[in-house]
Amino acid sequence: MTPGSGTAVRALAAQILDAVAHRGRSLKAELAAALPRLADPRDRALAEAICFAALRQRVRYDEALKRWMQKPPGRRDSELRALLWVGFAQIDALRLPAHAALSATVEAARALKRAHQAGMVNALLRRAQREGLPTAAAELAWPHWLRTKVRADWTARAEDIFVASAEAAPLWLRINRARLPASAYLERLREALPDLSAQTTPSAADAIRVDTPVAVTALPGFSTGDVSIQDGAAQLVADALAPAADARVLDACAAPGGKAAHLLERNPGLRLLALDVDARRLQRVRDTLDRVGARASLRVADAGDPSAWWEGQPFDAILLDAPCSATGIVRRQPDVLLHRRPEDITALCALQARLLDAAWTLLRPGGALLYATCSILKDENERQIDAFLARTPDARAEPLDARFGHVSGAGRQRLPGEDGMDGFFYARLIRTEAA
Ligand SMILES: C[S@@+](CC[C@H](N)C(=O)[O-])C[C@H]1O[C@@H](n2cnc3c(N)ncnc32)[C@H](O)[C@@H]1O
């Protein structure tokens with residue numbers, strides 16, 4: 001760590017959190033814009049870890065502010081609130097040595113031109129260190145309307161969902177099967193990083209789960225594409241679609257390209273067309289495929305309007321990894337809970353239905369479409385597929401096995417944290433001869 005950089009890390013983390021929690025900005029975008037200001041990669045990793053921990057635990061940290069301050073920071077002091085979260089996250093979730101966490105955070109108050117509040121920051125952090133942070137029900141991190149929906153959809157499991165969504169996710173690796181099996185990579189990994197806790201899993205053949213934090217750049221063979229980062233639940237998509245080795249495949253919503261890359265690592269002979277409506281994001285598919293050495297056709301297009309791009313040859317298999325509420329990956333994107341609005345769900349459901357109907361017309365009879373989301377809401381999943389099956393006479397659902405989670409209508413739902421994986425929905429739909 002660069003000398004004196006500790007203060008800059010804390011100040012930057014507070015600014016990022018302030019923008020995300022109080023000005024509606026996306027965590028990913030803020031991190032991407034702000035982190036390059038820190039020169040040392042260890043400083044960047046620390047700032048990022050603080051932001052994630054603070055957002056996951058913010059309800060508990062606000063509870064502390066409510067209990068310990070006569071008047072918790074209001075709108076005009078939103079940056080102070082964020083800085084206090086930064087301090088609490090270091091003492092509580094990250095368990096950093098208290099002296100460093102305290103002094104750097106108090107210094108950060110001065111750096112943020114809040115010298116007049118530095119004494120108060122110091123006192124509150126000392127109290128947190130002495131007494132620990134209070135508990136709070138994990139569900140309180142979810143806006144009321146969304147928590148009500150989750151409770152209605154998953155009554156008996158809702159509590160587990162809220163708790164799992166507040167926890168840090170393990171790191172999942174996807175091993176490039178075209179290069180080596182997961183078991184061989186695990187040996188290589190253990191040789192390179194003997195202190196790492198990592199294991200393969202029977203439910204996802206190419207996956208290794210890593211439970212100790214590690215920088216991606218430290219993973220042997222990452223830059224040459226032997227290994228990628230991808231949650232176990234996302235890796236199961238390739239099993240659920242399982243196209244024939246030389247199939248014509250459409251990946252209708254492909255960016256940033258993780259699932260396309262996985263399909264091609266398994267079957268380099270696939271003729272895969274990767275679409276995305278967002279040109280900048282599609283460039284990331286190109287980068288992803290280049291890194292793992294896979295080849296596909298790429299196109300910027302609206303999958304919901306095939307007349308603009310489809311040349312008339314049907315696909316054997318289609319992956320529709322639809323845009324969704326991301327309610328299954330809150331542990332990876334904790335700001336989802338701050339930014340989602342009820343009308344987003346309505347709009348997403350309409351978009352998903354449009355994409356399903358359009359993709360269906362591109363599938364050959366006998367072909368398979370895999371509908372997947374990283375949502376846990378039945379409106380986007382079970383009910384979306386029920387409605388599709390009801391209006392589509394030549395569609396039937398093919399059951400998936402228990403590896404894909406709980407039965408949910410015609411599909412399967414993995415809930416967040418189960419087997420250490422993200423929340424994910426899968427439905428495999430077969431096109432029959434026209435009714
Ligand atoms: C869940 S992400 C896909 C993740 C990707 N399959 C992967 O594994 O890396 C959904 C994607 O759908 C894209 N999208 C949204 N509307 C679309 C449309 N009408 N046509 C094609 N892509 C669309 C978004 O830009 C986004 O990249």
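Residues numbered from 1 in each chain as written. Predicted model: local features only at pLDDT ≥ 70, side-chain atom pairs only at ≥ 80, totals over all residues. Heavy atoms only, no water.

Engineer: Explain the nonpolar core to me, and be specific about the residues and the numbers.
Structural biologist: Judged by nonpolar contacts, the single largest core of 56 residues is most densely connected at Trp142, Val150, Phe424 and Tyr426. The element best represented in this core is helix H11 (residues 232-241), accounting for 7 residues. By size, the runner-up hydrophobic cluster in this structure holds 47 residues, among which are Ala11, Leu27, Ala34 and Ala64. (Core = buried A, V, L, I, M, F, W, Y, C linked by side-chain atoms within 4.5 Å. Buried < 20%, exposed > 50% of the residue type's maximum accessible area, 1.4 Å probe, protein only. Helix = DSSP H or I, 4+ residues; strand = E, 2+ residues; numbered from the N terminus.)

Engineer: Give a description of the packing of aromatic side chains that names residues and reports values.
Structural biologist: According to the stated counting rule, one finds 7 aromatic pairs in the structure shown. Pairing Phe404 with Tyr426 gives two aromatic rings, centres 5.2 Å apart and planes at 75°, and the pair type is edge-to-face. Pair noted here: Phe404 is in the loop between strand S10 (395-398) and strand S11 (406-408) and Tyr426 is in strand S13 (residues 424-431), with a separation of 22 residues, a long-range link. Tyr426 gets classed as buried once you look at its relative accessible area, which sits at 0%. Linked through ring pairs, Tyr61, Trp68 and Phe88 together constitute an aromatic cluster. Positioned over the ring face of Phe315 is Arg248, at 4.4 Å from the centre of the ring. In this structure, Arg291 is placed above the aromatic ring of Phe222, and the distance from its NZ or CZ to the ring centre is 4.3 Å. (Phe/Tyr/Trp six-rings, centres within 6.5 Å; stacked < 30°, edge-to-face > 60°. Lys NZ or Arg CZ within 6 Å of the ring centre and 35° of its normal.)

Engineer: Would you mind going over the site of the ligand in detail, with residue names and values included?
Structural biologist: Within the structure, the ligand sits among 19 residues, and Asp276, Arg281, Asp302, Ala303 and Asp321 are positioned closest to it. In the environment of the ligand, an oxygen atom lies 3.2 Å from a nitrogen or oxygen atom belonging to the backbone of Ala255. Contact distances for the ligand include 2.9 Å between an oxygen atom and a backbone N or O atom of Gly257. Out of a free accessible area of 600 Å², the ligand has 86% covered by protein chains. (Near = heavy atom within 4 Å. Polar contact = N/O pair within 3.5 Å; in protein donor to acceptor, adjacent residues only side chain to side chain. Areas by Shrake-Rupley, 256 points an atom, 1.4 Å probe, with all protein chains shown as cover.)

Engineer: Can you explain the pairing of strand S5 (residues 248-251)? Please cite residues and give values.
Structural biologist: Where burial is concerned, the two faces of S5 agree: the one with Arg248 and Leu250 and the one with Val249 and Asp251 are both buried. As paired elements, S5 and strand S6 (residues 271-276) share 4 bridges and run parallel to each other. If you follow Asp251 over to S6, its bridge partner there is Ala274. Examined bridge by bridge, S5 and strand S8 (residues 315-321) share 3 bridges and lie parallel to one another. The partner of Asp251 across the bridge, within S8, is Leu319. (Pairing = 2+ DSSP bridges.)

Engineer: So what's going on with the layout of surface pockets? Residues and values would help.
Structural biologist: Quantified by volume, the second largest pocket comes out at close to 230 Å³. Around the second largest pocket, the lining is made up of 19 residues, and of these Arg56, Gln57, Ala138, Phe162 and Ala166 lie nearest the centre. Listed by contribution, the elements that provide at least two residues to the lining of the second largest pocket are helix H3 (41-56), helix H4 (58-68) and helix H9 (158-165). The class makeup of the residues in the lining of the second largest pocket is 13 nonpolar, 2 polar and 4 charged. Looking at the lining of the second largest pocket, you find at least three residues from each of domain 1 (5-136) and domain 3 (232-431). (1 Å grid on protein atoms, 1.4 Å probe; cavity = no way out; pocket = protein on both sides within 12 Å on 5 of 7 lines; lining within 4 Å. Points joined across faces, edges and corners; volume = space filled by probe spheres on them. Nonpolar A, V, L, I, M, F, W, Y, C, P; charged D, E, K, R; others polar. Domains from an automatic or database assignment.)

Engineer: An account of the packing of helix H5 (residues 78-91) against helix H7 (residues 118-131) is needed here, citing residue identities and associated values.
Structural biologist: Here H5 crosses H7 at 30°, and the two axes come no closer than 10 Å. For the element pair H5 / H7, the angle class is roughly parallel. In the crossing of H5 with H7, the sense of the turn from one axis to the other is right-handed. In this structure, H5 contributes Leu80, Leu83, Leu84, Gly87, Phe88 and Ile91 to the contact, and H7 contributes Met120, Val121, Leu124, Leu125, Ala128 and Gln129. (Axes fitted to C-alpha atoms, helices over the stretch in contact; angles between N-to-C directions. Parallel < 35°, antiparallel > 145°, perpendicular 65-115°, else oblique. Left-handed = near helix turned anticlockwise from the far one by under 90°. Contact = heavy atoms within 4.5 Å.)

Engineer: Before we move on, can you summarise the sheet that holds strand S2 (residues 198-201) with the specific residues and values?
Structural biologist: Strand order in the open sheet formed by 4 strands is S2-S3-S1-S4, and the pairing between neighbours is antiparallel. Looking at strand neighbours, the two that pair on one side only are S2 and strand S4 (227-229), the edges of this open sheet. Here the strands of the sheet are splayed against their neighbours by 30° on average, with no regard to which way each runs. Here 3 bridges tie strand S1 (residues 171-175) to S4, and the two strands are oriented antiparallel to one another. Paired with Ile175 across the two strands is Val227, which belongs to S4.

Engineer: Describe the packing of H5 against helix H6 (residues 98-111), with residues and values.
Structural biologist: The geometry of H5 relative to H6 is characterised by a closest axis approach of 10 Å and an angle of 170° between their N-to-C directions. Considered as vectors, H5 and H6 are oriented roughly antiparallel to each other. Across from Leu83, Gly87, Gln90 and Ile91 in H5, the residues of H6 making contact are Ala101, Leu102, Thr105, Ala108 and Ala109. Class assignment for the residues of the contact of H5 with H6 results in 6 nonpolar, 3 polar and no charged.

Engineer: So what's going on with the pattern of salt bridges? Which residues, and what values?
Structural biologist: Note that side chains of opposite charge can pair when their charged atoms are close. Under the counting rule described, the total for this entry stands at 41 salt bridges. Here Glu79 ties to Arg114 by a salt bridge, and the two come within 2.9 Å at their closest N and O atoms. Taken together, the residues span a long stretch of sequence, with Glu79 in helix H5 and Arg114 in the loop between H6 and H7 at a distance of 35 residues. Neither residue differs from the other here; Glu79 and Arg114 are each classed as buried. The shortest N-O distance in the salt bridge between Arg151 and Glu159 comes to 3.2 Å. Sharing partners across several salt bridges, the network here consists of Arg177, Asp206, Asp239, Arg266, Asp401 and Arg403. (Salt bridge = Lys/Arg side-chain N within 4 Å of Asp/Glu carboxyl O.)

Engineer: Break down H11 for me, with residues and values.
Structural biologist: Of all 10 residues that make up H11, 9 are buried, and the element is covered over most of its length. For H11, the full list of buried residues reads Gly232, Ala233, Ala234, Gln235, Leu236, Val237, Ala238, Ala240 and Leu241. Between a side-chain oxygen at the N-terminus of H11 and the backbone nitrogen of Ala233 the separation is 2.8 Å; the capping residue is Asp231. Immediately downstream of H11, the backbone of Ala242 shows phi near 40°, a positive value.

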